[in-house]
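Structure at a glance
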Amino acid sequence: MFNDIGALELVTIVVLAILIFGPDKLPKVIQDVTGVIRKIRAFSDSAKQDIRSELGPEFKDFEFEDLNPKTFLRKQLSENEDLQEIRSTFDLRKELNDVTDAVNSREADPAPAAATTSAAPAATGPDLLKKPAAPAAEQRTSYDADAT
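Quick look at the structure, then. (Residues numbered from 1 in each chain as written. Predicted model: local features only at pLDDT ≥ 70, side-chain atom pairs only at ≥ 80, totals over all residues. Heavy atoms only, no water.)

Across its full length, the protein chain holds four helices and zero strands. Along its sequence from the N terminus, the protein chain presents helices and strands in the succession α-α-α-α. Among the 148 residues that make up the protein chain, the fraction classed as buried is 4%. Carbon and sulfur atoms make up 60% of the accessible area of the protein chain, which amounts to about 14,000 Å² in all. (Helix = DSSP H or I, 4+ residues; strand = E, 2+ residues; numbered from the N terminus. Buried < 20%, exposed > 50% of the residue type's maximum accessible area, 1.4 Å probe, protein only. Areas by Shrake-Rupley, 256 points an atom, 1.4 Å probe, with all protein chains shown as cover.)

Encoded structure:
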């Protein structure tokens, strides 16, 4: 419940509790708070048992923690055998390399060998720093002020 409280926060809470309730009343307040927490836990455990008994035997392995979407997805993904088989045969790195090779070979301009000099590096893709050429007049679409 208090897994994410650090030492500084705990010391701050204790100091504030002493300042607010005083050293005389603090033990009684702590007992009252722990008693309320015990009653709430007992009530929730009783409610869980009542719900499980009302659901019937087909939900005997039902856990309320499974209602958390993160936990539910994690459990379903780990138990699914088909997904385990797909995960074991799928190599993401190989697929990405294949896609990269396909994109680079499609976009690379086939330049004649005589045009390239030994000092210039070979082009591996489009030059992203170069400004694209303006489209020809027949490729441009006409501007329609009424359409915007």
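Attention shifts here to a nonpolar patch on the surface. Nonpolar side chains collect at one region of the surface, where V11, V15, L16, L19, I20 and F21 lie side by side and expose about 600 Å² of accessible area between them. Position of I20 among the secondary structure elements: in helix 1 (residues 7-55). (Patch = residues over 30% accessible without salt bridge, like charges linked within 9 Å, V, L, I, M, F, W, Y side chains within 5 Å. Salt bridge = Lys/Arg side-chain N within 4 Å of Asp/Glu carboxyl O.)

Quick look at the pattern of salt bridges now. Taken as a whole and judged by the stated rule, the model has two salt bridges. D32 serves as the salt-bridge partner of K28, at 3.2 Å between the closest nitrogen and oxygen. With K28 and D32 both in helix 1 and four residues apart, this pair spans about one turn of that helix. Here D32 falls in the partly exposed class, since its relative accessible area comes to 40%. K94 is the partner of D98 in a salt bridge, and the nearest nitrogen-oxygen pair spans 3.4 Å. Taken together, the positions of D98 and K94, both in helix 4 (residues 92-107) and four residues apart, correspond to about one turn of that helix.

In a regular helix each residue adds 1.5 Å, so 49 residues correspond to 72 Å; helix 1 covers only 43 Å between its end C-alpha atoms and thus falls short of that length. Of all the bends in helix 1, the largest measures some 100 degrees and sits at G22, one to four residues before the proline P23. Of the residues one or two after helix 1, G56 is the one with positive phi, at around 100 degrees. (Expected span 1.5 Å × (residues − 1). Bend = angle between axes of the 7 residues up to and from the residue.)

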